Amino acid sequence: MAKGFDIRNIDRRFIFVLVLAAVVWPLLHPLKLPMDVSPPVQVLYDAIEAVPEGSIVMLAADYSPDTMPELQPMAETFIRHAFRRDLRIVVACLWPASPPLVEQALGPLAEEFGKEYGTDYVNLGYMAGGIVTLLGMGASIPETFPADYGGTPVDEIPLMVEVENFDDIAFVMEISAGTPGTREWVQQVQSRFRVTLGSGTTAVGAPNFYPYIQSGQLTGLLGGLKGAAEYELLVGVPGDATSGMDAQSVVHALIVFFIILGNIVYFISRRSEKKSA
Amino acid sequence: MSWLHMLFNGPPGTPPSVVWGYWVAAILTICIYSFLYKDNPFYKFAESLFVGVGAAYWLALLYHETLVPKLITPLFPGESGDPVQWIRIFPGILAIFMLLRFFPKVSWLSRWSLGFIVGMYSAVNITGFAQGDLVAQIHATMNMSLNSGGPLAIILNAIAIIGIFATLIYFFFSKEHKGVLGGVAKLGIWFLMVAFGASFGYTVMGRISLLIGRMQFMLGDWLHLLD
């Protein structure tokens, strides 16, 4: 090893700067790297495509602002997909911070597709109780959510007149950042009421849910930004997730490079230490 | 429209409050990231502000989204004409019991609330886990075919079955891990390491995604440098 410079003692801030550059550069100058669609995303897309026109689907939004970069594109794309197929959307949240985040996506997209609140979509807002709320929805959604996010009683909302429980919901899209989230929906709702359930989760949580795909409990899974970008690709409207995937790929390549470099340096230094001993 | 004009006024039609909101968010983001260089007063300020605002936000949110609609309004419906829901007194009492932890003489009452929560959630969760996880996953494993679905599916199913078996053997502690049992347990460790590696990879992707989201905000919403 050359004297004066030892890569093992490199300042970690040097790595931070490289990671920052690897994120910023592709955002400013998109590389348009190719992207494949993975089977769990394709399954989810196909399942929504198979829902008959005019059916009611549920968006279960259980996330907060800290996970918006990964999960908001999923919510937006699902709403776009559902509106484009003339599906009606019922939004229900188990996280108190979720309803305004969904509103951010619902408002502009409803305007774009000419959808009317109360007839084509409804935001039931947040309900405390976690898994108890899920069980309550299995018996009666209007009794569990007596009013919508704005405080209007659900019996005054035309769309909700058609909804009693999960039997009236053709597909549930659960977008989850933690607990209560996808696991609770699988355990308490899918297994008891046999709803068709798809999920979008943060990348951190995604590996925990792949067994549910194999067992058929989940009908498709969007895992992190990559899953969101693949879904955007299928729906045909590239958004924030797609634009972030170039940066994601470049940073991953950089991290792999550092892992390989670190291992090479480790083995070289171990051999030279053995020799000197 | 010049870039500087966009920076301070936003795209046409943007309310000034939104533009200044972007500025506050951007400056606080820079303060937080400055910790990567080294600890400094700007980071401390942003951290303290975040903790304070976060606590206040959640308190207000829980008050308006939970306490008011679930307890106060049902007990005091006022002029709405709705009947008083007296049953809500019981969860209200349990909630007050939780707060009694701060008073040593009566803090034991909080155990009643905790006991109720633990008992109720255990009952609901155990049945949900048994039905949704345990039985369903065992059923899915038993259904894995080793003679249909094509060569790739057969190989993948075989790997999954061997992996499940070896990993379960690793967690079998009633016999010392020696001989064949030790070999299978070691194979189980390899499968666990692969699972942890995949999980770590996803975690890296998740953390980088958050950085990308922040940079999209900084370069797009704030600096207007993205298309």
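What counts as what
Residues numbered from 1 in each chain as written. Chains lettered and ligands numbered in written order. Predicted model: local features only at pLDDT ≥ 70, side-chain atom pairs only at ≥ 80, totals over all residues. Heavy atoms only, no water. Helix = DSSP H or I, 4+ residues; strand = E, 2+ residues; numbered from the N terminus. Rg over C-alpha atoms; globule rule 2.2 N^0.38 Å. Buried < 20%, exposed > 50% of the residue type's maximum accessible area, 1.4 Å probe, protein only. Contact = heavy atoms within 4.5 Å. Areas by Shrake-Rupley, 256 points an atom, 1.4 Å probe, with all protein chains shown as cover. Lys, Arg positive; Asp, Glu negative; His and termini not counted. Charge placed at Lys NZ, Arg CZ, Asp CG, Glu CD. Polar contact = N/O pair within 3.5 Å; in protein donor to acceptor, adjacent residues only side chain to side chain. 1 Å grid on protein atoms, 1.4 Å probe; cavity = no way out; pocket = protein on both sides within 12 Å on 5 of 7 lines; lining within 4 Å. Points joined across faces, edges and corners; volume = space filled by probe spheres on them. Buried area = accessible area lost by both parts, 1.4 Å probe. Salt bridge = Lys/Arg side-chain N within 4 Å of Asp/Glu carboxyl O. Nonpolar A, V, L, I, M, F, W, Y, C, P; charged D, E, K, R; others polar. Pairing = 2+ DSSP bridges. Axes fitted to C-alpha atoms, helices over the stretch in contact; angles between N-to-C directions. Phe/Tyr/Trp six-rings, centres within 6.5 Å; stacked < 30°, edge-to-face > 60°. Lys NZ or Arg CZ within 6 Å of the ring centre and 35° of its normal. Right-handed = clockwise from strand over helix to strand, strands pointing away. Domains from an automatic or database assignment. Patch = residues over 30% accessible without salt bridge, like charges linked within 9 Å, V, L, I, M, F, W, Y side chains within 5 Å.

Enquirer: Outline the overall build of chain B, supporting the account with residue identities and numerical values.
Expert: Scanning chain B for helices and strands turns up seven helices and zero strands. The order of α-helices and β-strands along chain B, N terminus first, is α-α-α-α-α-α-α. For a compact globule of 227 residues, the expected C-alpha radius of gyration is about 17 Å, and chain B comes in at 28 Å, more than 25% above that figure. For chain B, the spread of C-alpha atoms along the three principal axes comes to 70 × 60 × 40 Å. Expressed as a percentage of its 227 residues, the buried residues of chain B come to 25%. Here the analysis covers contacts within chain B between residues at least 6 apart in sequence; of these, 26% occur between residues at least 24 apart. Put simply, chain B shows about 15,700 Å² of open surface, and 75% of that area lies on carbon and sulfur atoms. Each charge sign in chain B was given a centre, from 12 positive and 9 negative side chains, and these centres are 17 Å apart.

Enquirer: Describe the side chain of S98(A), with residues and values.
Expert: Residues and elements named next belong to chain A. Along the chain, the position of S98 falls in helix α4 (residues 98-113). A relative accessible area of 0% places S98 in the buried class. Among the polar contacts listed, one links the side chain of S98 to the backbone oxygen of A61, at a separation of 3.1 Å.

Enquirer: I'd like a description of the layout of surface pockets, backed by residues and values.
Expert: Space inside the second largest pocket adds up to approximately 1,900 Å³. Residue lining of the second largest pocket: 49 residues in total, with A128(A), T66(B), P69(B), K70(B) and R88(B) positioned closest to the centre. If you list the elements that add at least two residues to the lining of the second largest pocket, you get β3 (121-126), α5 (131-139) and α6 (141-144) of chain A together with α3 (41-75), α4 (89-99) and α5 (110-142) of chain B. By residue number, the principal contributor to the lining of the second largest pocket is α3(B), which donates 13 residues.

Enquirer: So what's going on with the interface of chain A and chain B? Residues and values would help.
Expert: At the interface, 50 residues of chain A touch 44 residues of chain B. Buried surface at the junction of chain A and chain B, both sides included, amounts to about 3,800 Å², of which 66% is carbon and sulfur. Taken together, chain A and chain B are joined by one salt bridge. Two residues, R183(A) and D133(B), come together in a salt bridge whose shortest N-O distance is 3.4 Å. The interface formed by chain A and chain B contains 16 residue pairs in polar contact (both at pLDDT 80 or more). Of all the secondary structure elements, the ones that give two or more residues to the side of chain A that touches chain B are α1 (12-28), α3 (68-84), α5, α8 (182-193), α9 (210-214), α10 (224-235) and α11 (240-276) of chain A. For the side of chain A that touches chain B, the residue count by class is 29 nonpolar, 14 polar and seven charged.

Enquirer: I'd like to hear about the sheet that holds strand β5 (residues 197-201) of chain A, residue by residue, with values.
Expert: All names here are of chain A. Read from one edge to the other, the open sheet built from six strands follows the order β3-β2-β1-β4-β5-β6, with strand pairing classed as parallel. Only two strands of the sheet have a single neighbouring strand rather than two, namely β3 and β6 (221-223). Averaged over all pairs of adjacent strands, the angle between their axes in this sheet comes to 15 degrees, without regard to strand direction. Where β5 and β6 come together, three bridges link them in parallel fashion. Looking across to β6, one finds that T201 is bridged to G223.

Enquirer: Summarise the packing of aromatic side chains; cite the residues concerned and give the values.
Expert: Tallied over the full model, the rule gives 19 aromatic pairs over all chains. Aromatic pair F209(A) and Y212(A): ring centres 6.2 Å apart, planes at 15 degrees, arrangement stacked. Taken as a pair, F209(A) and Y212(A) share a single burial class, namely buried. Summarising the aromatic geometry, the rings of F257(A) and F258(A) are spaced 5.7 Å apart at their centres and angled 55 degrees between planes, so their arrangement reads as tilted. Of note, R13(A) hangs over the ring of Y37(B), and the distance from its end group to the ring centre comes to 4.7 Å.

Enquirer: I'd like a rundown of the pairing of β3(A), residues and numbers included.
Expert: Residues and elements named next belong to chain A. The element β3 is largely enclosed, with a buried count of six among its six residues. Sheet topology note: the strand β2 (residues 88-93)/β3 ladder contains four bridges and is parallel. Looking at β3, one finds that I89 is bridged to Y121. Read from β2 through α4 to β3, the crossover connection turns out right-handed.

Enquirer: Please give an account of the environment of F50(B) that cites residues and values.
Expert: Residues and elements named next belong to chain B. Mapped onto the secondary structure, F50 falls in helix α3. Exposure remark for F50: the relative accessible area of 64% places this residue in the exposed category. The spatial distance from the C-alpha of F50 to the C-alpha of P69 is 27 Å, given a sequence separation of 19 residues.

Enquirer: Please set out the domain arrangement of chain B residue by residue, giving values where relevant.
Expert: Accessible area lost during the coming together of the parts is what is often quoted as the interface size. Partitioning chain B into domains gives domain 1 (1-84), domain 2 (86-143) and domain 3 (145-227). Here domain 2 of chain B and domain 3 of chain B have C-alpha centroids that lie 31 Å from each other.

Enquirer: A description of a nonpolar patch on the surface should follow, citing residues and the corresponding values.
Expert: A contiguous nonpolar patch, built from L28(A), W3(B), L4(B), F8(B), W20(B) and L225(B) and spanning about 600 Å² of accessible area, is present on the exposed surface. Broken down by element, the residue count for the nonpolar patch peaks at three residues, all from helix α1 (residues 3-9) of chain B. On the secondary structure map, L225(B) appears in the segment after α7 (179-222). Since its relative accessible area comes to 41%, L225(B) is described here as partly exposed.

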